[in-house]
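# Tertiary structure, described
Next come the chains, spelled out residue by residue.
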Amino acid sequence: MLIHDLRQIGNRLLTLRKDRGLTQAELAEKAGLADRTYADIERGTVNMRVMTLLQICEALNVQPDDVLMEDQTDVDLEQAEAIQRLEACATSNRETALKLLEVYLNSLPKH
């Protein structure tokens, strides 16, 4: 699933950068960006152009999907947590939540 939240993208970049043992300044230099620009992107306070994303990905030696797409394990974990929370609800609350989920799912376009 595509990530739309700028902070989540920034957190993904932070993790990738730290995994490679780079400082923000080092990565900014490798990507041809100003330190402040990269810091703002990583904090999720600014949007970036596609070219900027590609420069950062090249500097990190990753694909754009590694930054912009949720890992399936993240989705699986979120689903498992939601089910666990649902199971912990009182019966009447669980019934309401399931009805709301059914209405939402029925509103989605059919593939």
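Residues numbered from 1 in each chain as written. Predicted model: local features only at pLDDT ≥ 70, side-chain atom pairs only at ≥ 80, totals over all residues. Heavy atoms only, no water.

### Details of the confidence of the model for the protein chain
Low-pLDDT stretches of the model should not have their predicted coordinates read in fine detail. We count it as follows: Looking at any residue, its pLDDT shows the predictor's confidence there, from 0 to 100. Put simply, DSSP marks the helices as runs of H or I at least four residues long and the strands as runs of E at least two long, and each gets a number from the N terminus on.
Per-residue pLDDT for the protein chain has a mean of 91; in total, 97% of the residues score no lower than 70. Ranking the elements of the protein chain by mean pLDDT puts helix H6 (residues 72-88) last, at 82, and helix H2 (residues 24-31) first, at 98.

### Concerning the layout of surface pockets
Stated precisely, the cut-off is as follows: Whether a set of points on the 1 Å grid over the protein atoms alone is a cavity depends on a 1.4 Å probe fitting there but being unable to get out, while an open set qualifies as a pocket with protein on both sides within 12 Å along at least five of seven lines; lining residues are those with an atom within 4 Å of a point. Grid points are joined across faces, edges and corners, and a volume is the space filled by probe spheres set on the points. Residues were grouped as follows: Ala, Val, Leu, Ile, Met, Phe, Trp, Tyr, Cys and Pro as nonpolar; Asp, Glu, Lys and Arg as charged; and all remaining residues, including Gly, as polar.
Its volume calculated, the largest pocket comes out at about 200 Å³. Every residue along the wall of the largest pocket is listed here: Gln79, Ala82, Ile83, Arg85, Leu86, Cys89, Ala97 and Leu101. Of all elements in the fold, only H6 and helix H7 (91-107) reach the threshold of two or more residues within the lining of the largest pocket. In terms of residue count, the dominant contributor to the lining of the largest pocket is H6 (five residues). A class-by-class count of the residues in the lining of the largest pocket yields six nonpolar, one polar and one charged. Put simply, the second largest pocket is a space of about 170 Å³. Around the second largest pocket sit Leu2, Ile3, His4, Leu6, Ile9, Ile41, Val46, Asn47, Met48, Leu53 and Leu68, which together line it. By residue class, the composition of the lining of the second largest pocket is nine nonpolar, two polar and no charged.

### What to know about the pattern of salt bridges
Spelled out, the test is: In what follows, salt bridge is the name for a side-chain nitrogen of Lys or Arg lying within 4 Å of a carboxyl oxygen of Asp or Glu. Exposure classes here rest on a 1.4 Å probe applied to the protein chains alone. A residue is buried below 20% of its type maximum, exposed above 50%, and partly exposed in between.
Across all of its chains, the model carries three salt bridges by this definition. The shortest N-O distance in the salt bridge between Arg36 and Asp40 comes to 3.4 Å. Of this pair, Arg36 and Asp40 both sit in helix H3 (residues 35-43), four residues apart, which is roughly one turn of the helix. A salt bridge links Arg43 to Asp40; the nearest nitrogen and oxygen atoms lie 2.4 Å apart. Of this pair, Arg43 and Asp40 both sit in helix H3, separated by three residues, roughly a single helical turn. For Arg43, a relative accessible area of 43% puts it in the partly exposed group. When salt bridges that share partners are traced, they join Arg36, Asp40 and Arg43 into one network.

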